[in-house]
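Given next are the chains, with one letter for each unit.
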Amino acid sequence: MSKGKKRVIIFLSLFFVVLLLVTFQHKGKSFGFLVTLSYPFDALNNFTTTVNMTITEVWNTFGENRRLEDKLSAALLQIQRHDEIVRENKRLREILLLRDSSPNYIATARVIARGPDRLLNTILIDKGESSGIKEGMAVITTKGLVGRVHSVRGNFSEVLLLRDPNFSVAVRLQDSRREGIISGTGHRYSLLEHIPFEEVVEKGDNVVTSGLDSIFPPGIPVGVVSRVRAGDHKFFQSIQVLPFQTDTKIEEVVILTNAGASP
Amino acid sequence: MSFFKWTGLIFFTFLLQTQFSPFGKTLSLSTALVYLFGLRSLPSGFSVGRSDGYYSGRAEVKSTAFGAGVGLLEDIISGSIIGPGVFSKGLIGLFSVVVFTDVIFKWTPLIGVVIIIILTIADGSIIVGLRVFLDNININIFNVFQAIFIQTAFNMPFGIILKPKND
């Protein structure tokens, strides 16, 4: 038999096998027994599908975790911004109240930088001559005295802080009404001077401005007595006062005109 | 040993074929498997291009039977009518041998690629044609072309990798 005939036989055999299979199925009969052939494959396929799905799920979980972390960071940032706005709002409300209750009010300003002069303890505020600010004016916050205007430019001013050694203000002990002078030391505390030994001063006494220096309006809170020392070789007591307003926490300030002067 | 090797290969091929569906289309790695069997069923003394009227009827029968078996398994797994896969893979098995004994004179990687392209297209076309004819199913011809194109593209490397024993 030639190879062509053999190939035709192979082809026809294949064709008739397929024809038989198809005819068998078209008569509504099924090859249920043949399905058993696929059982091992189905089992392996199910296993690999499960493994594949597990790996995919783990991979997706990593991605989802990353996305959620990003969202969480964004949400935390938003919460921080919100908190900051709430705090700012609170501060500005207080400043507004201070402005309404201060007859010597000139302007409200934001602190924009530390002072450029290394030898002085100063801060820069964003209001200047154009807002009616002049040298020597009192600078306060809702907590108390900050300092006084040291120099003025068109749109900004430099404020000399309470703790600077060049700063001094006439004050009064709030309870005993005893007058004195507070001077900066360059440290965290200021010194209350000219309080005689017979005056009883205790730790925790409040100090306010007296207005007698014609610079600062009376009654502005300055600080609290933190230490009292009676030296043997001096005429006056040595009293340390911690300012109410810490100069590293100042954000908005109010500028007041000099005591006695009309705004 | 050879039985286990081919059984393992069949399992591995169908595993890959069902697990990976690039661009949403099923691959036709079983065509490459039948092609490989066709190549391997040629006797060890055979070399492509011999002009002494060599004929290996045994190899053709073996390869056709193997192809029909793979096609049968494919039909069972796909859950469709049993027949199209048997016929197409059986023919692929037969042609895989005939092409090396009677059609080409020298195997080169390019010819290998051309052969596997033709076999894959033939396999896809026969299956689709028989399914349409026997099952009366409606098909989107663009989707069919797309599927056959992807199957061909993925089978092309096998045309280079798989070669006759003595080349």
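Procedures and definitions
Residues numbered from 1 in each chain as written. Chains lettered and ligands numbered in written order. Predicted model: local features only at pLDDT ≥ 70, side-chain atom pairs only at ≥ 80, totals over all residues. Heavy atoms only, no water. Contact = heavy atoms within 4.5 Å. Buried area = accessible area lost by both parts, 1.4 Å probe. Salt bridge = Lys/Arg side-chain N within 4 Å of Asp/Glu carboxyl O. Polar contact = N/O pair within 3.5 Å; in protein donor to acceptor, adjacent residues only side chain to side chain. Helix = DSSP H or I, 4+ residues; strand = E, 2+ residues; numbered from the N terminus. Expected span 1.5 Å × (residues − 1). Buried < 20%, exposed > 50% of the residue type's maximum accessible area, 1.4 Å probe, protein only. Axes fitted to C-alpha atoms, helices over the stretch in contact; angles between N-to-C directions. Parallel < 35°, antiparallel > 145°, perpendicular 65-115°, else oblique. Left-handed = near helix turned anticlockwise from the far one by under 90°. Nonpolar A, V, L, I, M, F, W, Y, C, P; charged D, E, K, R; others polar.

Asks: Please clarify how the interface of chain A and chain B should be interpreted in this entry.
Replies: One frequent convention defines the size of an interface as the accessible area lost when the parts assemble. Contacts between the two partners involve 24 residues from chain A, matched on the other side by 27 residues from chain B. Counting the surface lost from both chain A and chain B, the interface buries some 2,400 Å², and carbon and sulfur atoms represent 75% of this. Counting across the interface, chain A meets chain B through one salt bridge. Ionic pairing is found between glutamate 60 of chain B and arginine 7 of chain A, a salt bridge with its closest N-O pair at 2.7 Å. Here chain A is connected to chain B by two residue pairs in polar contact (both at pLDDT 80 or more). Mapped onto the side of chain A that touches chain B, the elements with two or more residues apiece are α1 (3–26), α2 (32–35) and α3 (39–101) of chain A.

Asks: Explain helix α1 (residues 2–19) of chain B to me, please; I cannot follow it from the model alone.
Replies: Given 3.6 residues per helical turn, the α-helix brings residues three or four places apart onto the same face. Under the 1.5 Å per step criterion, the end-to-end length of α1 of chain B is 25 Å for 18 residues, consistent within 8% with the ideal 26 Å. When α1 of chain B is considered as a whole, its buried residues turn out to be Trp6, Ile10, Thr13, Phe14, Leu15, Gln17 and Gln19 of chain B. Looking at the buried positions of α1 of chain B, the neighbouring elements they touch are α3 of chain A together with α2 (29–40) and α3 (57–78) of chain B.

Asks: Sorry, what's going on with the environment of glutamate 88 of chain A here?
Replies: Residues and elements named next belong to chain A. Summarising the element assignment, glutamate 88 is placed in helix α3. Spatially, the C-alpha atom of glutamate 88 lies 9.2 Å from that of glutamate 251, the residues being 163 residues apart in sequence. Setting aside chain neighbours within four positions, we find glutamate 88 in contact with Arg110 and Glu252. A polar side-chain atom of glutamate 88 sits 2.8 Å from a polar atom in the side chain of arginine 110.

Asks: Could you clarify how one ought to interpret the side chain of serine 151 of chain A in this entry?
Replies: Within the secondary structure, serine 151 of chain A is located in strand β4 (residues 145–152). Those residues in contact with serine 151 of chain A that lie beyond four places of it in its chain are Glu135, Ser157 and Glu158 of chain A.

Asks: Sorry, what's going on with the packing of α2 of chain B against helix α5 (residues 109–135) of chain B here?
Replies: Two quantities define a packed helix pair, namely the angle between the helix axes and the distance between the axes. Residues and elements named next belong to chain B. One can describe the packing of α2 onto α5 by two numbers: an axis separation of 10 Å at closest approach and a directional angle of 125°. In terms of their interaxial angle, α2 and α5 are classed as oblique. The two elements α2 and α5 cross, and the hand of that crossing is right-handed. Residues Thr31, Ala32 and Tyr35 of α2 lie in contact with α5, whose contacting residues are Gly112, Ile115, Ile116, Leu119, Thr120 and Asp123. Tallied by class, the residues present in the contact of α2 with α5 amount to five nonpolar, three polar and one charged.

Remember, this is a structural readout, not a statement about activity or role.
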